[in-house]
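Descriptive analysis of the structure
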Amino acid sequence: MRSGFFLREAMRSIRANLAISVAATVTVLIAVFILGAFIPSFLYVRSAVDSQKDKVDVDIFISDNATVAQVNDLRDRLVALRTRGEVREFTYVSKDDALRIMRARLKDPSVLDELPSNPLPAKYNVKPRDPENVTAILDAVQGHPALDKEEGVVYPKSTADRLLTVARFVQWAGLILISILLIAAILLIGNTIRLSIFARRREVEVMKLVGATNWFIRWPFMIEGVICGLVGAVLSVGLLWALKVGVVDGWIESADTALTRDEATTIGFLWLSGILVLAGALVGAVGSGLTLRRFLKV
């Protein structure tokens with residue numbers, strides 16, 4: 001019964017202050033639209049960085065003179081790293097396998113037939129769970145007697161360092177920008193709804209003086225904010241869907257094959273829609289709730 005009263009009061013306030021309600025709805029629409037365009041872009045970039053991080057591996061070359069015991073000890077160290085979660089997987093590549101791989105990569109593999117013997121050493125190809133774990137791998141195998149004296153341990157240090165730098169930047173920049181967008185949306189809708197509350201400030205004061213609780217006064221305004229937030233979020237989802245179908249999907253279909261081969265992914269549109277609708281409702285409720293606090297001090 002009381003919930004119906006609160007809903008009717010919220011709808012009455014929206015009709016009585018239609019221009020302000022439209023302004024609040026448009027404010028949410030713009031803020032949620034920007035948020036909805038940023039979230040999938042941020043997740044796509046982060047996924048692209050993560051997919052490149054998965055391609056960073058470490059090659060541990062084994063000396064031709066290494067004994068079976070030394071090679072097994074090296075393998076045991078890698079197993080220990082995998083058990084601790086610092087190595088995702090590792091593969092042993094024999095001398096014959098290394099030569100076979102080299103032959104497959106060359107445009108003219110016949111040049112290898114001129115070699116008197118196989119010059120390629122055996123190796124362990126190690127895939128770290130994260131590029132940050134490369135240091136732990138190096139510390140575990142550095143100076144091991146099974147290592148090849150010339151090749152030793154090889155990994156793309158500059159690439160790994162750049163990926164880690166980009167990954168940290170994307171992570172923190174994304175969190176900061178999303179926080180700024182949410183805070184800006186709350187402040188914008190709060191300032192807009194403040195006009196509606198200010199127009200009814202005498203009514204709020206009278207209700208306080210006759211004994212109405214703060215939450216009894218607050219609920220209609222918060223429901224009004226939720227309605228404006230939901231309508232704005234739904235409209236922004238509609239605009240994002242039109243942008244996706246009309247622009248993004250067509251761009252992806254006509255994109256270069258190098259882009260379509262990318263392993264990067266982003267959030268599904270249904271999940272994004274649900275998040276945006278919830279965000280719109282939450283922004284509306286929080287914005288109106290915070291704004292009303294000063295008017296409840298009678």
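Presented here is an overview of the structure given in this document. Since the structure is predicted, the reported quantities are computational estimates derived from the model, not experimental observations. (Residues numbered from 1 in each chain as written. Predicted model: local features only at pLDDT ≥ 70, side-chain atom pairs only at ≥ 80, totals over all residues. Heavy atoms only, no water.)

Scanning the chain from N- to C-terminus turns up 10 helices and 4 strands. Going from the N terminus to the C terminus, the chain shows its helices and strands as α-α-β-α-β-α-β-α-β-α-α-α-α-α. A buried classification covers 38% of the 298 residues belonging to the chain. (Helix = DSSP H or I, 4+ residues; strand = E, 2+ residues; numbered from the N terminus. Buried < 20%, exposed > 50% of the residue type's maximum accessible area, 1.4 Å probe, protein only.)

Right, let's talk about helix 5 (residues 134–141) for a bit. Those residues of helix 5 that fall on the buried side of the exposure criterion are Val134, Ile137, Leu138, Ala140 and Val141. The arc that holds every buried residue of helix 5, seen down its axis, measures 165°, which confines them to one face. Residues of helix 5 that are buried sit in contact with strand 1 (58–62), helix 3 (68–83), strand 2 (87–93), strand 3 (122–128) and strand 4 (153–154). Count one or two residues on from helix 5 and you reach Gly143, which has phi positive near 80°. (Arc of directions from axis to C-beta. Contact = heavy atoms within 4.5 Å.)

Before going further, it helps to spend a moment on the environment of Lys55. Along the chain, Lys55 turns up in the loop between helix 2 (18–53) and strand 1. Residue Lys55 is classed as partly exposed on the basis of its relative accessible area of 49%. For the pair Lys55 and Pro128, spaced 73 residues apart in sequence, the C-alpha to C-alpha distance is 9.3 Å.

What follows covers the sheet that holds strand 3. Pairing is antiparallel across the open sheet formed by 4 strands, whose spatial order is 2-3-1-4. For this open sheet the edge positions go to strand 2 and strand 4, each flanked by a neighbour on one side alone. Bridge count for strand 2 against strand 3 is 6 bridges, and the pairing is antiparallel. Each bridged residue has a counterpart across the sheet, and for Thr91 the counterpart in strand 3 is Asn125. Relative to strand 2, helix 3 is tilted by about 160°, and along the sheet it contacts strand 1, strand 2 and strand 3. (Pairing = 2+ DSSP bridges. Axes fitted to C-alpha atoms, helices over the stretch in contact; angles between N-to-C directions.)

Quick look at the pattern of salt bridges now. By the definition in use, this model includes 6 salt bridges. The residue Arg77 makes a salt bridge to Asp73 at a minimum N-O spacing of 3.4 Å. Of this pair, Arg77 and Asp73 both sit in helix 3, 4 residues apart, which is roughly one turn of that helix. Among the residues examined, Asp73 registers a relative accessible area of 33% and is labelled partly exposed. Here Asp97 and Arg100 are joined by a salt bridge, their closest N and O atoms 2.5 Å apart. Here the residue Asp97 and the residue Arg100 both occupy positions in helix 4 (residues 95–105), the gap between them amounting to 3 residues, near one helical turn. (Salt bridge = Lys/Arg side-chain N within 4 Å of Asp/Glu carboxyl O.)

Our next topic: the packing of helix 3 against helix 5. At a closest axis distance of 10 Å, the pairing of helix 3 and helix 5 adopts a crossing angle of 150°. One element, helix 3, and the other, helix 5, form an angle in the roughly antiparallel class. In this structure, helix 3 crosses over helix 5, and the sense of that crossing is right-handed. Counted together, Leu74, Arg77, Leu78 and Leu81 of helix 3 and Ala136, Ile137, Ala140 and Val141 of helix 5 form the full contact between these two elements. In the contact of helix 3 with helix 5, the residues fall into 7 nonpolar, no polar and 1 charged. (Parallel < 35°, antiparallel > 145°, perpendicular 65-115°, else oblique. Left-handed = near helix turned anticlockwise from the far one by under 90°. Nonpolar A, V, L, I, M, F, W, Y, C, P; charged D, E, K, R; others polar.)

This paragraph deals with the packing of aromatic side chains. Across all of its chains, the model carries 3 aromatic pairs by this definition. Ring plane angle 55° and centroid distance 5.1 Å describe the contact between Trp241 and Phe269, whose orientation is recorded as tilted. Placement of the pair is Trp241 in helix 8 (residues 214–253) and Phe269 in helix 10 (residues 269–292), with a sequence separation of 28 residues. Accessibility expressed as a relative area gives 44% for Trp241, which makes it partly exposed. Overall, the relative accessible area of 18% leaves Phe269 in the buried class. Through a chain of ring-to-ring contacts, three or more aromatic side chains come together here, namely Phe90, Tyr92 and Tyr124. (Phe/Tyr/Trp six-rings, centres within 6.5 Å; stacked < 30°, edge-to-face > 60°.)

This part takes up the environment of Asn133. Of note, Asn133 is situated in the loop between strand 3 and helix 5. Leaving out residues up to four positions away in the same chain, Asn133 has contacts with Gly85, Glu86 and Pro128. Within polar-contact distance, the side chain of Asn133 engages the backbone oxygen of Glu86 at 3.2 Å. (Polar contact = N/O pair within 3.5 Å; in protein donor to acceptor, adjacent residues only side chain to side chain.)

Attention now moves to the pairing of strand 1. The side chains of a regular strand alternate, residue by residue, between the two faces of the sheet. Taking burial as the measure, the 5 residues of strand 1 include 5 buried ones, the bulk of the element. Here strand 1 shows a buried face lined by Val58, Ile60 and Ile62 and a second buried face lined by Asp59 and Phe61. Bridging between strand 1 and strand 3 involves 5 bridges; their strand directions are antiparallel. Paired with Val58 across the two strands is Val126, which belongs to strand 3. Strand direction decides the pairing type here: strand 1 and strand 4, joined by 2 bridges, are antiparallel. Within strand 4, the position partnered with Asp59 by the bridge is Val154.

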